[in-house]
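# Descriptive analysis of the structure
Take a look at the letters that make up each chain.
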Amino acid sequence: VQLVESGGGLVQPGGSLRLSCAASGFAFSRYTMSWYRQAPGKERELVAVITSGGGSTNYANSVKGRFTISRDNAKNTVYLQMNSLKPEDTAVYYCKTVILGPSYWGQGTQVTVSS
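The numbering scheme is per chain: residues are counted from 1 as the chain's sequence reads. Totals for whole chains, interfaces and linings use all residues, but because this is a predicted model, local features are given only for residues with pLDDT of at least 70 and pairs of side-chain atoms are given and counted only at 80 or more. As a convention, hydrogens and water are excluded, and side-chain values are obtained from all of the structure's heavy atoms.

### Re the state of the cysteines
In protein chemistry, a disulfide is the covalent bond that joins the sulfur atoms of two cysteines. Filter applied, for reference: By convention in this document, the label disulfide applies to cysteine sulfur atom pairs within 2.5 Å. Working definition: helices are DSSP H or I runs of at least four residues, strands are E runs of at least two. Numbering for both runs from the N terminus.
Scanning the model with the defined rule gives 1 disulfide in all. Each sulfur of the disulfide joining cysteine 21 and cysteine 95 lies 2.0 Å from the other. Disulfide cysteine 21-cysteine 95: the torsion about the S-S bond is 50 degrees, which places it as right-handed. Of the two residues, cysteine 21 sits in strand E3 (residues 17–24) while cysteine 95 sits in strand E9 (residues 91–98), which places them 74 residues apart along the sequence.

Structure below.
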């Protein structure tokens, strides 16, 4: 199982970024995928979840209405579109899946929101 995040960077407040997580080594279309984030000195927190077929999503209250999770099962990729970014969104963002018990994480991508 391999998860590789990309798309992070430095953006000004109010800006947008789209994160990608490319998956390999498992039947991607069968599994729920999640995005988490971890800010310095804070615990890792769930940001968004999408079911295997993409028909159901859920978001942390702090990002509702600003972030959108989506997936392309043909490309084995899950995305996180982040709009109206705030300084408090600064964190390392990780994608995650759970396969028959164990959790699998990517290496993370840094998002910094600053003027």
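### Quick word on the nonpolar core
Taken as a class, soluble globular proteins show a tendency for nonpolar side chains to be buried jointly. In plain terms, the rule: Put simply, a nonpolar core is a bunch of buried Ala, Val, Leu, Ile, Met, Phe, Trp, Tyr and Cys residues held in one set by side-chain atoms that sit within 4.5 Å of each other. Three labels apply to residues, based on accessible area from a 1.4 Å probe with only protein chains included: buried if under 20% of the type maximum, exposed if over 50%, partly exposed otherwise in between. For this analysis, residues touch if any pair of their heavy atoms sits within 4.5 Å.
Trp35, Leu80, Met82 and Tyr93 are the most contacted members of the largest nonpolar core, which totals 30 residues. Here this core takes 4 residues from E3, the largest share from any one element. Residue contacts for leucine 80: discarding those within four places in its chain leaves Leu17, Arg18, Leu19, Trp35, Val47, Ala48, Phe67, Thr68, Ile69 and Tyr93.

### Looking at the pattern of salt bridges
For side chains of opposite charge, pairing can occur when their charged atoms come near one another. Put simply, the rule reads: Salt bridges are defined as contacts in which a side-chain nitrogen from Lys or Arg sits within 4 Å of a carboxyl oxygen from Asp or Glu.
The final tally for this structure, using the stated rule, is 3 salt bridges. In this structure, arginine 37 and glutamate 45 form a salt bridge, with 2.6 Å as the shortest nitrogen-oxygen distance. Judged by relative accessible area, which is 34%, glutamate 45 ranks as partly exposed. Aspartate 89 is paired through a salt bridge with arginine 37; the nearest N and O atoms lie 2.9 Å apart. Of this pair, aspartate 89 sits in the loop between strand E8 (77–82) and E9 while arginine 37 is found in strand E4 (residues 33–38), placing the two residues 52 residues apart along the sequence. In terms of burial, aspartate 89 and arginine 37 fall into one category: buried. Via salt bridges that share partners, Arg37, Glu45, Arg66 and Asp89 belong to a single interconnected network.

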